[in-house]
Amino acid sequence: MSTSSTSTLTQTSSPQDAAIRLLCRRGLHQLLWLPETSQHPKLRVTFSTTSNFEDDSLPAILHVGPMFGTRYGTVEFDALTKECGVRMICVDRPGFGGSTPVSIDIRMAVWHETVPALLQRLNLNHVSLMTHSAGGIYTLNTLLHHRSLLNPKTPYVAFMAAYVPMTDSGATLPNIASHIPTSMVDSWSTVAGFINTKIMPATSWSGGALSASASFLTSPFGTNAGDSASSSTTPEERYGVDKETAKCIADLSMKYMSAESILGANEEAKLCLRKCEDADWGDAADYASCITKIGEREGELGDQAKLKVDGFFAGSDVMIGKQGQEFFEKCWRSDEVARHVDFESRTYEKADHDSLILDYKKGALRDVFRKVAELGKT
């Protein structure tokens, strides 16, 4: 849907009707099927694309979302993608939306099946990768196993507040949450769903949800959202519509998302809190080793353009802390990696873990989109 058609829509219908039409557009509710394998039966994967996706001249971004980053991410990003001249894909990982739930031991394997199937379905040869928080675990694995999906002329990956293992980050919040019994983590989706719809604003994803959930589960009075701050981006700016319609979009998108499955949150929480086997993290079980392998693989590509990796970090981040940021940067700047990968890092002092991606003024998202748009012109 173009900007002009969106404007016409809001002028000729009630705010709620306009919001419903926007949230029911075909591109937001797409699906594909993964064939049966020896590990699993036939699986459904639901995904979405931004409203400008049919414009083949625009560079495409595959967003590897955080713990609660579902296909509804395109609702949040749509207006900004059109402003910056990029298009985006968001995916429901297993147990979210209409995607079939799977056990944690095959979660990564299913992701590896999903990525090429998704690009084939959308008739895409190449994308840039953008990831936030827990999506970094999947993105590191994607870089090792699906490097060819990146544009050979301008291969680019943006890590935003990438989740770092607790043993390497020393971050307080994940360490506190790790002491929650596994039996309670298996109810994480119920608690998180309640918090997301009743306590937290719609503009809080992994950091705010995890903080509030951990506090809720460990304290009879705790509902503190950690470092989540109010957004300086208004709903009208976020959605590109008038104030009343924007409010309806925010309310209804959370209502619609919560009406679908969020059972995957249980497995995602166990993954982040390491209440699983190391193998469930795939090659990312050891970040330093995984990133070194990525560097070595890049060196084997010969004359191809050098991989560009950007790390974007928040000034205050309860999920990874400064130690986690420094560890992540150190991995990419090691001699074995740096000779084959162009890595840059930037900190947004006014942002926190979630606002780094959700606040277009304090955070990094506009810069990421502009970078991808710029690379798309070369």
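Note on numbering: residues in each chain are counted from 1, in written sequence order. Confidence filtering applies because this is a predicted model: local features only for residues at pLDDT of at least 70, side-chain atom pairs given and counted only at 80 or more, and all residues used for totals across whole chains, interfaces and linings. Only hydrogens and water are set aside; all other atoms, that is, all heavy atoms of the structure, feed into the side-chain values.

A. Summary view of the packing of aromatic side chains. Side-chain rings of Phe, Tyr and Trp, where Trp is taken by its six-membered ring, are said to pair if the distance between their centres is within 6.5 Å; with planes under 30 degrees apart they count as stacked, over 60 as edge-to-face, and otherwise as tilted. Tallied over the entire structure, the rule returns eleven aromatic pairs. Look at W111 and Y138: their rings are 5.9 Å apart centre to centre, the planes differ by 70°, and that puts the pair in the edge-to-face class. Separated by 27 residues along the polypeptide, W111 in helix 4 (residues 107-121) and Y138 in helix 5 (residues 135-145) bring together distant segments of the chain. In this pair, the class of W111 matches that of Y138, namely buried. Look at W281 and Y287: their rings are 6.2 Å apart centre to centre, the planes differ by 55°, and that puts the pair in the tilted class. Here the two residues W281 and Y287 agree in accessibility, since each one is buried. Runs of E in the DSSP output that reach at least two residues are strands. Runs of H or I that reach at least four are helices, and both are numbered from the N terminus. Throughout, exposure labels follow a simple rule: accessible area from a 1.4 Å probe, protein chains only, divided by the maximum for the residue type, with under 20% read as buried, over 50% as exposed, and the rest as partly exposed.

B. Molecular detail of the layout of surface pockets. By volume, the largest pocket is sized at about 900 Å³. If you trace the largest pocket, you find 34 residues lining it, with F53, E54, D56, R87 and L122 closest to the centre. Elements represented by at least two residues in the lining of the largest pocket include exactly strand 1 (30-34) and helix 18 (365-376). Element by element, the count of residues in the lining of the largest pocket is highest for helix 18, at three residues. The method works on a 1 Å grid over the protein atoms by themselves. A cavity is a set of points holding a 1.4 Å probe that cannot get out, a pocket is an open set with protein on both sides within 12 Å along at least five of seven lines, and residues with an atom within 4 Å of a point line them. Grid points are joined across faces, edges and corners, and a volume is the space filled by probe spheres set on the points.

C. Examining the environment of A109 more closely. Looking at the secondary structure, you find A109 in helix 4. The spatial distance from the C-alpha of A109 to the C-alpha of Q39 is 9.0 Å, given a sequence separation of 70 residues.

D. Structural context of helix 14 (residues 287-299). Given a helix with a known number of residues, its expected span is that number minus one, times 1.5 Å. Under the 1.5 Å per step criterion, the end-to-end length of helix 14 is 18 Å for 13 residues, consistent within 8% with the ideal 18 Å. All of the buried residues along helix 14 are Y287, C290, I291, I294, G295 and E298. All buried residues of helix 14 project into a common sector of 140° when viewed along the axis, lining one side. In this structure, the buried side of helix 14 is in contact with helix 5, strand 9 (307-314), helix 15 (321-332), helix 16 (335-338) and strand 10 (341-348). Any pair of nitrogen or oxygen atoms within 3.5 Å is treated as a polar contact; in protein, a donor-acceptor pairing is required on top of that, and neighbouring residues in sequence qualify only through side-chain atoms on both sides. The distance from a side-chain oxygen at the start of helix 14 to the backbone nitrogen of A288 is 3.1 Å, and the residue carrying that oxygen is D286. Each C-beta atom gives one direction from the helix axis, and the arc is the one those directions make. Residue contacts are counted whenever heavy atoms from the two residues lie within 4.5 Å of one another.

E. Local environment of the confidence of the model for the protein. Scored from 0 to 100, pLDDT records how confident the predictor is in each individual residue. Overall, the predicted model of the protein reaches an average pLDDT of 87, with 85% of residues at or above 70. Taken as a whole, residues 1-10 scores under 50 in pLDDT and shows 15 contacts with residues more than four places along the chain or in a different chain. In the predicted structure, residues 199-204 sits below a pLDDT of 50 and forms 17 contacts with residues beyond four places in sequence or in another chain.

F. Broad picture of the pattern of salt bridges. Salt bridges are defined by distance alone: a side-chain nitrogen of Lys or Arg within 4 Å of a carboxyl oxygen of Asp or Glu. A complete count under the given rule lists 20 salt bridges for this structure. Among the salt bridges present, the one from K308 reaches D342, with a minimum N-O distance of 3.9 Å. Of the two residues, K308 is situated in strand 9 and D342 in strand 10; the sequence distance between them amounts to 34 residues. Here K308 falls in the partly exposed class, since its relative accessible area comes to 30%. When the shortest N-O distance is used, the salt bridge between K371 and D310 registers 2.9 Å. Taken together, the positions of K371 in helix 18 and D310 in strand 9 put the pair 61 residues apart, joining distant regions of the chain. Residue class for D310 comes out buried when judged on its relative accessible area of 7%. Salt bridges sharing common partners tie together R25, D78 and K82.

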